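# Inside the fold
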Amino acid sequence: MRLLVFDVGGTEIKYAVMDEDTNVFDRGYVPTPMDSWQSFEDTIYGIYEKYQEDVEGIAMSLPGFIDVKKGRVNGGGALAYNHGTDVGPKLMKRCGCKVVLENDGKAAAQAEYYKGALQGCENAAVFVIGTGVGGGLIINHEIVRGPHFTAGEFSFVNTNSDSIDDFGSHVGMNCSTTGLLGMYKDISGFEEAIDGREFFRRLPEDEVAQRVLKKFCHNVAVQIYNLYFLLDIQKIAIGGGISRQPILTETIKEQFVKITTEEGALGKFMPKYDIEIVQCQFHNDANLIGAFMTYVNN
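The following paragraphs examine the structure supplied in this document. (Residues numbered from 1 in each chain as written. Predicted model: local features only at pLDDT ≥ 70, side-chain atom pairs only at ≥ 80, totals over all residues. Heavy atoms only, no water.)

## Focus on the packing of aromatic side chains
- Enumeration according to the criterion identifies 12 aromatic pairs in this entry.
- Residues Phe6 and Tyr15 carry aromatic rings whose centres are separated by 6.3 Å and whose planes lie at 50° to one another, so their mutual orientation is tilted.
- Here Phe40 and Tyr81 contribute two aromatic rings whose centre-to-centre distance is 5.8 Å and whose plane-to-plane angle is 45°, an arrangement assigned as tilted. Placement of Phe40 in helix H1 (residues 37-51) and of Tyr81 in the loop between strand S6 (72-75) and helix H2 (87-95) is noted, with a sequence separation of 41 residues between them.
- Looking at Phe40, the relative accessible area reads 0%, which means it is buried. (Phe/Tyr/Trp six-rings, centres within 6.5 Å; stacked < 30°, edge-to-face > 60°. Helix = DSSP H or I, 4+ residues; strand = E, 2+ residues; numbered from the N terminus. Buried < 20%, exposed > 50% of the residue type's maximum accessible area, 1.4 Å probe, protein only.)

Structure follows, in structure tokens:
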């Protein structure tokens, strides 16, 4: 079986022709339309036209609160025109083939559970560090979506009860690449905007960057600590573009040990926090693979 698989992001749409063994036969990317649903539909159809004779359906990961069974996007995330839209049925009508949608964080979790770093786990999670923080939960060997399709939406977790309306007090800022770079800019005083690659290039010689990374990884470690007690997580896989930097996962591990031994008030009751913190195995392809798995299972 071959599918045309899409990974729709806030900047670009990645696509690939893929089979169930995750072999890729062709791939590419285009800018994500930001103006309207019609532009989005036309873009997807234009890509599908090239491959329609070679594939039997479309699998798609995208941001938002996704009703997989109905193909409806109940919250559009970065793509406001998808909010409250029956994306799946509309694309099925336009393309004339089966279309299955999945939330991007949940797609990444399924890729890692079925074929990657989370294989064999009963309870596990992915924590995808990007513009915001995506996530997916595997509980009792199953992906968790919830009745409102918000399970695993780490970006919306509040970290300060006095600032519930301030997104800066949410995990989506405190634990995202956006937050990391914003913290560095505030503390360093540099006016220039830099990206994650430049931040890690500077890291070996930049003491401010080193302090910022420790603080940032402390923020992430606190959320892993919370997940451990809320859901009894065995393993968490760190994803997103900056997760390719080994020092990120290493520093998160160091900070987790610190808060569960030196800082953790419950440390004396919990002699060992039995949780693994690892890199995601699939980086840029995680959402594509996970969308394929959702198609197969639905």
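We are not done yet, so read on.
## Regarding the layout of surface pockets
- The computed volume of the largest pocket comes to approximately 1600 Å³.
- For the lining of the largest pocket, the secondary structure elements donating two or more residues are strand S1 (2-8), strand S2 (12-19), helix H3 (104-115), strand S8 (124-129), strand S9 (133-139), helix H6 (196-202) and helix H9 (286-297).
- Along the lines of polarity and charge, the residues of the lining of the largest pocket split into 15 nonpolar, 25 polar and eight charged.
- Its volume calculated, the second largest pocket comes out at about 230 Å³.
- Lining the second largest pocket we find 13 residues, and of these Phe154, Val157, Leu227, Leu230 and Leu231 sit closest to its centre.
- Looking at which element gives the most residues to the lining of the second largest pocket, the answer is helix H7 (residues 207-231), with five residues.
- Grouping the amino acids of the lining of the second largest pocket by side-chain chemistry returns nine nonpolar, three polar and one charged. (1 Å grid on protein atoms, 1.4 Å probe; cavity = no way out; pocket = protein on both sides within 12 Å on 5 of 7 lines; lining within 4 Å. Points joined across faces, edges and corners; volume = space filled by probe spheres on them. Nonpolar A, V, L, I, M, F, W, Y, C, P; charged D, E, K, R; others polar.)

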